[in-house]
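Geometric and topological summary
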Amino acid sequence: MEHLSGDNGARSSREGWLEAAYEILIESGVDSVKILPMAKKLNTARTSFYWFFKDRETLLEALIGRWRDLNTGNIVKQSEAYAESIAEAMLNVIDCWLDNKLFDAQFEFAVRSWALQSEDILSEVQNADDTRLRALEKMFIRFGCEDITADVRARTTYMAQIGYISMQTSEDLAVRMARIREYVTIFTGQAPQQRELDRFFARHNYST
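Conventions used here
Residues numbered from 1 in each chain as written. Predicted model: local features only at pLDDT ≥ 70, side-chain atom pairs only at ≥ 80, totals over all residues. Heavy atoms only, no water. Helix = DSSP H or I, 4+ residues; strand = E, 2+ residues; numbered from the N terminus. Polar contact = N/O pair within 3.5 Å; in protein donor to acceptor, adjacent residues only side chain to side chain. Contact = heavy atoms within 4.5 Å. 1 Å grid on protein atoms, 1.4 Å probe; cavity = no way out; pocket = protein on both sides within 12 Å on 5 of 7 lines; lining within 4 Å. Points joined across faces, edges and corners; volume = space filled by probe spheres on them. Nonpolar A, V, L, I, M, F, W, Y, C, P; charged D, E, K, R; others polar.

1. Let's talk about the side chain of Ser48
Following the sequence through the fold, Ser48 ends up in the loop between α2 (35–42) and α3 (56–80). Engagement of the side chain of Ser48 in a polar contact is seen with the backbone oxygen of Ala45, the distance being 2.8 Å.

2. Some thoughts on the environment of Ile165
In this structure, Ile165 sits in helix α7 (residues 147–166). Linking Ile165 and Gln106, residues 59 residues apart in sequence, is a C-alpha distance of 7.9 Å. Apart from residues no more than four positions distant in its own chain, Ile165 is found in contact with Phe103, Ala105, Glu108 and Phe109.

3. Brief notes about the layout of surface pockets
In this model, the largest pocket occupies a volume close to 490 Å³. Lining the largest pocket are 21 residues, and of these Trp97, Ala105, Gln161, Thr169 and Arg176 sit closest to its centre. Counting only elements with at least two residues in the lining of the largest pocket, the list comes to α4 (86–98), α5 (105–115), α7 and α8 (173–188). Its residues placed into classes, the lining of the largest pocket shows 11 nonpolar, six polar and four charged. Approximately 150 Å³ is the volume found for the second largest pocket. The set of elements that each furnish at least two residues to the lining of the second largest pocket consists of α3 and α6 (119–142). In terms of residue count, α3 provides more of the lining of the second largest pocket than any other element does, five residues in total. Of the residues in the lining of the second largest pocket, the class split is four nonpolar, one polar and five charged.

This is how it looks when you write it as structure tokens:
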């Protein structure tokens, strides 16, 4: 349902409120995600909020759903994508770390910070971690790894990236791309073929 309110009617929508909540969460944390600041951000009446959400808690649940669908959903999807080798499968997963449309690192950091003050959100994060790890483990098993090897490689891959996010590492794209071959080799035990790297670089509009 869309609730039109003058010139800002296009923004007074469920998605508009959700986007405002997302932006405030990223900028200031969950305690700042409140109806009045969002209304000001959207330049709309606070009462229009209730056309789309029962209360603030319902909005926060939708925000977590958005995070779950984006970040966890795409890790699972990329781990299941077609690949000729485990090295190429890993490159498919690494797409997530380089494409904000597949995995939003700022969103991830904000939700993990939120989990420090909420048992319910901590449970959501732990469930997401388990789902992501299982997906990566299945990817390794698909390419012939024994269960224990798949488990350890999945954990190494995933925890390295969560470390990047937790440390808020800022890395020049050229530096990170130069490390991709070695990351893949370490994570999978198999060096990527040049044609696999070329396809990966092309997806990210990167030229060596």
